[in-house]
Amino acid sequence: MMLELNLTEPNMTTILQINSAARTEAQSTLLANELTAKLQQSHPDATLVVRDLLTNSLPHLDEAALGAFFTPAEQRNAQQQAIIARSDALVAELKAADIIVIGAPMYNFGISSQLKVYFDHVARAGVTFRYTAEGPQGLVTGKKVYVVTARGGKYLGTPADLQTPYLKTFLAFIGLTDVTFIFAEGLNLGEQSKQSGLAAAREAIAAV
Ligand SMILES: Cc1cc2nc3c(=O)[nH]c(=O)nc-3n(C[C@H](O)[C@H](O)[C@H](O)COP(=O)(O)O)c2cc1C
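Just so it is clear, the structure is predicted and the values come from calculations on it, not from any experiment. (Residues numbered from 1 in each chain as written. Predicted model: local features only at pLDDT ≥ 70, side-chain atom pairs only at ≥ 80, totals over all residues. Heavy atoms only, no water.)

**A look at the site of the ligand**
- As a structural note, the neighbourhood of the ligand is formed by 17 residues, with Ser28, Met106, Tyr107, Phe109 and Gly153 the closest of them.
- A distance of 2.5 Å is found between an oxygen atom of the ligand and a side-chain nitrogen or oxygen belonging to Ser28.
- Within the backbone of Phe109, one N or O atom sits 2.8 Å away from an oxygen atom of the ligand.
- When the ligand is considered free in solution it has 620 Å² of accessible area, and contact with the protein chains removes 78% of it.
- Here the residues of the shell around the ligand are counted per class, giving nine nonpolar, six polar and two charged. (Near = heavy atom within 4 Å. Polar contact = N/O pair within 3.5 Å; in protein donor to acceptor, adjacent residues only side chain to side chain. Areas by Shrake-Rupley, 256 points an atom, 1.4 Å probe, with all protein chains shown as cover. Nonpolar A, V, L, I, M, F, W, Y, C, P; charged D, E, K, R; others polar.)

Written as C-alpha cells, this is what we have:
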C-alpha cells in the first residue's frame, strides 16, 4: 500500500492565549503577551487566537447550564442548545490549539473566578474527558501548555500555593499533561521585589 504524503501543506500551528485576569492592566496578561510573542518568533506562521475572559465574560454555572449539560442532545430545548453551543465553541477553540498560553493571576490563593468559570464551561463528560474502567481519561491531548502566573506574594513551594496543584490537576484531567509554569512572584512586596519577580519570569520566558 502506498502512503500519500502531502509535502506542500504547511504544518500550521495555532496558539491559544487565555487571559484570565480581572483587570486590563494585569501583570499576568502582560507576561502572557510576552510569552506569546516569544512563541511567535519560533512559530512565525502560527495563527494566534486570544480568549479574553474579562471582556468576553462567561456566566457561572447555574440550573440552566447544568440542565443543558445533563440533557441528551436530542431532548435539549432552545435555551439548552444555546448553552451547549457556547460550550462547544470554547471546546472547539481549545481542541484546535497546538500551544496554549494561560495568563493566570493568583487571587485569594487560587485562580481567578474568570478562569474557574471557563474551566466549568469546557469540562464536559464525553467531550473533554470521559470515565473508563481504568478511571478518568482526558480527551484534549497532544498540546503544549504554558501557565504564566502573577502573584503579589511569594508562595511557590509552600502549602499556600493552591493555584499550581489545582491547575496541574484540572489540566491533566482533561488531557493537558505537558504543562510548563512560569512564575512572577512578589509583585506587591515593594519595587525591588516586583522588578526581580518580573525579571525571573522574563528569564523563564526567554528560555522557552
Ligand atoms: C482580588 C485579589 C486577590 C489577590 N490575592 C492574592 C493572593 O492570594 N496571593 C498573592 O500572592 N497575591 C494576591 N493578590 C495580588 C496579585 O496576585 C497580584 O496583584 C498579581 O499581579 C495579580 O495578577 P494580575 O496583575 O494579572 O491581576 C491578589 C490581588 C487581587 C486583586
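**Some details on the packing of aromatic side chains**
- By the definition in use, this model includes nine aromatic pairs.
- Ring geometry for Phe129 versus Phe173: centroids 4.5 Å apart, planes at 45°, classification tilted. Of this pair, Phe129 sits in strand β4 (residues 129–132) while Phe173 sits in helix α5 (residues 163–173), placing them 44 residues apart in sequence.
- Using a relative accessible area of 27% as the deciding quantity, one classes Phe173 as partly exposed.
- Seen in terms of ring centroids, Phe181 and Phe183 are 5.9 Å apart; in terms of plane orientation they differ by 15°. Their pairing is stacked. Phe183 shares its class with Phe181; the two are buried.
- Linked through ring pairs, Tyr118, Phe119, Tyr166 and Phe170 together constitute an aromatic cluster. (Phe/Tyr/Trp six-rings, centres within 6.5 Å; stacked < 30°, edge-to-face > 60°. Helix = DSSP H or I, 4+ residues; strand = E, 2+ residues; numbered from the N terminus. Buried < 20%, exposed > 50% of the residue type's maximum accessible area, 1.4 Å probe, protein only.)

**Brief notes about the UniProt feature "binding site: FMN" (unreviewed entry) in the protein chain**
- The residues that UniProt annotates with the feature "binding site: FMN" (unreviewed entry) are Met106, Tyr107, Asn108 and Phe109.
- With respect to the helices and strands, Met106 occurs in the loop between β3 (99–105) and α4 (113–122).
- Every residue in contact with Met106, bar those within four places of it in the chain, is listed here: Ala150, Arg151, Tyr155, Ala160, Asp161 and Gln163.
- Secondary-structure assignment places Tyr107 in the loop between β3 and α4. (UniProt positions renumbered as here; feature names shortened; annotations may be inferred. Contact = heavy atoms within 4.5 Å.)

**Considering the UniProt feature "domain: Flavodoxin-like fold" (unreviewed entry) in the protein chain**
- The sites that carry the UniProt feature "domain: Flavodoxin-like fold" (unreviewed entry) are, in the present numbering, residues 14–207.
- With 41% helix and 21% strand, residues 14–207 has end C-alpha atoms that lie 20 Å from one another.

**Things to note about the pairing of β4**
- Sheet analysis places β4 next to strand β5 (residues 135–138), joined by four bridges and oriented antiparallel. Its bridge partner being in β5, Arg130 is matched across the sheet by Gln137.
- In this antiparallel pair of consecutive strands, β4 and β5, the connection spans two residues. (Pairing = 2+ DSSP bridges.)

**Thoughts on the nonpolar core**
- Counting residues in hydrophobic clusters, the biggest one holds 27 residues, and the most contacted among them are Ile100, Ile102, Leu115 and Tyr118.
- Among the elements that line this core, the one with the most residues is α4, at five residues.
- When sequence neighbours within four positions are dropped, the list of residues in contact with Leu115 reads Ile18, Ser20, Leu53, Ile102, Ala104 and Leu167.
- If you look at the next biggest cluster of nonpolar residues, it comprises 17 residues, including Ala46, Val101, Tyr146 and Leu187. (Core = buried A, V, L, I, M, F, W, Y, C linked by side-chain atoms within 4.5 Å.)

**Observations regarding the packing of helix α1 (residues 27–42) against helix α6 (residues 191–206)**
- Where α1 meets α6, the closest approach of the two axes is 10 Å, and the angle between their N-to-C directions is 25°. The pairing of α1 with α6 is recorded here as roughly parallel in orientation. Read as a crossing pair, α1 and α6 show a hand that is right-handed. Within the contact between the two elements, α1 uses Gln27, Leu30, Leu31, Glu34, Leu35 and Lys38 and α6 uses Lys194, Leu198, Ala201, Arg202, Ile205 and Ala206.
- Residues that form the contact of α1 with α6 fall into these classes: seven nonpolar, one polar and four charged. (Axes fitted to C-alpha atoms, helices over the stretch in contact; angles between N-to-C directions. Parallel < 35°, antiparallel > 145°, perpendicular 65-115°, else oblique. Left-handed = near helix turned anticlockwise from the far one by under 90°.)

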